[in-house]
Amino acid sequence: MGKKVLIAYATNRGNAKAVAEKLGAKIPGSQVVNIAETEADALKEYDYLILGTSSIGRGEMLKPWKDKIEDVAALDFSGKTVALFGLGNQAYHADTFAEGVSHIYDALKGKVTIEGATSTDGYKYDTSKSVVDNKFVGLILDQDAEADKADVRIDAWLKTLSI
Ligand SMILES: Cc1cc2nc3c(=O)[nH]c(=O)nc-3n(C[C@H](O)[C@H](O)[C@H](O)COP(=O)(O)O)c2cc1C
């Protein structure tokens, strides 16, 4: 049996939901949930957690993640692995590009293995807190301007994960 994989997203207008569902379709047997409708405790049942959010405000994560992140960070992560995905808009939010997911990263770093960092090559932005040690902390997508690049980026990313 492979790992039990959960994909948990927050979305404002549906882009992150669509990405989560795309990931789910590419990971056989995985479950996809909206974190707004999920208790943090439900994450306990899974070995591999793919957590994602779009960005709102000035580089913030969406409210459902803000509401749950403390409870999620308090879980026992023994034996678990996390991978992250974040959405943003490079052209309109170049100085806070895809920073929403950086807050999930900050809450979980040091508590659990986070894998799936990606190269910043091919993106055009000024600054992003989602860049740590010169790499994005996870899969980063701009569905506003580069939705056509999503499939290639997703497929390349999935190959790097220990699912
Ligand atoms: C009010 C507002 C604020 C935003 N702030 C940011 C931001 O700080 N950084 C960023 O990269 N994208 C930002 N975005 C872009 C969204 O993250 C992007 O459009 C994303 O694809 C939306 O996904 P969703 O439909 O799942 O919420 C913002 C969008 C809106 C509407």
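The text that follows walks through the structure, step by step, so that each part is easy to find. Note that this is a predicted model, so its numbers are computed, not measured.

## A look at the packing of helix H2 (residues 63-73) against helix H3 (residues 100-108)
Contact geometry of H2 with H3 gives a least axis separation of 9 Å together with a crossing angle of 20°. Judged by the inter-axis angle, H2 sits roughly parallel to H3. The handedness of the crossing between H2 and H3 comes out as right-handed. Contacts from Trp 65, Ile 69, Val 72 and Ala 73 in H2 reach Ile 104, Ala 107 and Leu 108 in H3.

## Brief notes about the environment of Gly 14
Its place among the elements puts Gly 14 in the loop between strand E1 (5-10) and helix H1 (15-26). Relative accessible area serves as the criterion here: at 24%, Gly 14 is assigned to the partly exposed category. Note: C-alpha distance between Gly 14 and Thr 53 (39 residues apart in sequence) is 11 Å.

## Concerning the nonpolar core
Formed by 30 residues in total, the largest nonpolar core has its most connected members in Leu 51, Trp 65 and Leu 108. Only E1, strand E3 (48-53), H2, strand E6 (81-87) and H3 provide two or more residues apiece to this core. Excluding residues within four positions of it along the chain, Leu 108 makes contact with Leu 51, Val 72, Ala 73, Phe 77, Val 82 and Ile 114.

## What about the site of the ligand?
Taken together, 20 residues form the shell around the ligand, and within it Thr 11, Ala 16, Ser 54, Ala 98 and Asp 144 come nearest. One nitrogen or oxygen atom from the side chain of Ser 54 is found 2.7 Å from an oxygen atom belonging to the ligand. The side chain of Asp 144 places a nitrogen or oxygen atom 2.6 Å from an oxygen atom of the ligand. Protein chains shield 85% of the accessible area of the ligand, which is 640 Å² for the free molecule. Of all the cavities here, the one that holds the ligand is the largest pocket.

Here is what the cut-offs are and how they apply
Residues numbered from 1 in each chain as written. Predicted model: local features only at pLDDT ≥ 70, side-chain atom pairs only at ≥ 80, totals over all residues. Heavy atoms only, no water. Axes fitted to C-alpha atoms, helices over the stretch in contact; angles between N-to-C directions. Helix = DSSP H or I, 4+ residues; strand = E, 2+ residues; numbered from the N terminus. Parallel < 35°, antiparallel > 145°, perpendicular 65-115°, else oblique. Left-handed = near helix turned anticlockwise from the far one by under 90°. Contact = heavy atoms within 4.5 Å. Buried < 20%, exposed > 50% of the residue type's maximum accessible area, 1.4 Å probe, protein only. Core = buried A, V, L, I, M, F, W, Y, C linked by side-chain atoms within 4.5 Å. Near = heavy atom within 4 Å. Polar contact = N/O pair within 3.5 Å; in protein donor to acceptor, adjacent residues only side chain to side chain. Areas by Shrake-Rupley, 256 points an atom, 1.4 Å probe, with all protein chains shown as cover. 1 Å grid on protein atoms, 1.4 Å probe; cavity = no way out; pocket = protein on both sides within 12 Å on 5 of 7 lines; lining within 4 Å. Sits in = over half its atoms within 2 Å of the grid points.

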